[in-house]
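Architecture and fold: a report
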Amino acid sequence: MSDGESERTFVMVKPDGVNRGLVGTVISRFEDRGLKLVGAKFIQMEDDLAQEHYGEHEGKPFFDGLVEFITSGPVMAMVWEGQDATRQVRRMMGATDPAESAPGTIRGDLGLDLGRNVIHGSDHEDPGANEREINLFFDETELVDWNRADEDWLYE
Ligand code: IDP
Ligand code: MG
């Protein structure tokens, strides 16, 4: 793979996804696509971390509810790597509102309500969001450099 195109992105199964038993399903979708898991931690987010992670939405009417929800139960925080990973993950997630997400996307297949949309992924239209979010949740030592055994078959 040409290194320039490979990147890492931050993904999180939200408390609704965890409580609905969808962690494995979400991981499978990314694994099947050919993306590589390079970091994962199962945590319950503290209020401070939630406020910082969703800082761009501070002041919006849904902010307090969003922070309350994201800290209400465990999340599966992950880092996925691959060619164009940030944009491809967002395409696989679907639109923010599951009611408008295309069938075939994670939100379009697994959710119904805007406030319970199963998954977070770094915004590919916000340059640096992926790195910022990865660094917010993970130390460098918690990320693993490795080669998937099928990598030669995934990339030309
Ligand atoms: P994204 O998750 O697709 O990047 P954002 O606009 O960044 O969407 O919003 C972050 C999260 O805030 C959404 O995933 C959703 O859970 C929640 N959210 C966004 N807009 C609303 C709203 O209007 N009402 C309730 N929750 C919202
Ligand atoms: Mg966003």
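Source: prediction; values computed, not measured. (Residues numbered from 1 in each chain as written. Chains lettered and ligands numbered in written order. Predicted model: local features only at pLDDT ≥ 70, side-chain atom pairs only at ≥ 80, totals over all residues. Heavy atoms only, no water.)

1. Considering the site of ligand 1
Our working definition: Whether a residue is near a molecule or strand is decided by its heavy atoms; if any one of them lies within 4 Å of it, the residue is near. Identification of polar contacts relies on pairs of N or O atoms within 3.5 Å, with a donor-acceptor requirement for protein atoms, meaning one able to donate a hydrogen and the other able to accept it, and with residues adjacent in sequence counted only if both atoms are side-chain atoms. All accessibility values rest on the Shrake-Rupley procedure with a 1.4 Å probe; residue burial counts only the protein chains present in the view.
K14, Y54, H57, F62, L66, R90, T96, R107, L114 and N117 make up every residue found near ligand 1. Between ligand 1 and K14 there is a distance of 2.9 Å, counted from an oxygen atom to a side-chain nitrogen or oxygen. Within the side chain of R107, one N or O atom sits 3.0 Å away from an oxygen atom of ligand 1. For ligand 1, whose accessible area on its own is 530 Å², the fraction buried by protein is 76%.

2. Observations concerning the nonpolar core
Keep this limit in mind: Here, nonpolar core refers to any group of buried Ala, Val, Leu, Ile, Met, Phe, Trp, Tyr and Cys residues whose side-chain atoms link them within 4.5 Å. Three exposure classes are used, based on accessible area relative to the maximum for each residue type with a 1.4 Å probe and protein chains only: buried under 20%, partly exposed in between, and exposed over 50%. In this text, helices come from DSSP runs of H or I with a minimum length of four residues, and strands from runs of E with a minimum of two, each type numbered from the N-terminal end. Should any heavy atoms of two residues lie within 4.5 Å, those residues are considered in contact.
Ranked by internal contacts, the top residues of the largest apolar core, which has 20 residues, are F30 and I119. Taken together, the elements giving at least two residues each to this core come down to β1 (6-13), α2 (23-33), β3 (75-83), α5 (85-93) and α6 (106-110). The residues contacting I119, other than those within four sequence positions of it, are V11, M12, K14, V26, F30, M93, I106 and R107. Counting 19 residues, the second-largest nonpolar core is a separate cluster that includes M12, A50, Y54 and L66.

3. A word on the packing of aromatic side chains
Under the convention used in this document: What counts as a ring pair is set by centres within 6.5 Å for rings of Phe, Tyr and Trp (its six-membered ring), and what kind of pair is set by the plane angle: stacked under 30 degrees, edge-to-face over 60, tilted for all other angles. Criterion for a charge above a ring: Lys NZ or Arg CZ within 6 Å of the ring centre, and within 35 degrees of the ring normal.
Here the structure, examined in full by the defined rule, presents 3 aromatic pairs. With 4.4 Å between their ring centres and 25° between their planes, F10 and F137 make a pair best called stacked. Separated by 127 residues along the polypeptide, F10 in strand β1 and F137 in helix α7 (residues 129-137) bring together distant segments of the chain. In terms of burial, F10 and F137 fall into one category: buried. Their ring planes at 65° and their centres at 6.5 Å tell us that F10 and F138 sit as a pair that is edge-to-face. You can see F10 sitting in strand β1 and its partner F138 sitting in the loop between α7 and α8 (151-154), a full 128 residues away along the chain. Three or more aromatic residues link up through ring pairs in this structure, and these residues are F10, F137 and F138. Cation over ring: R116 sits above F69, and NZ or CZ is 4.2 Å from the ring centre.

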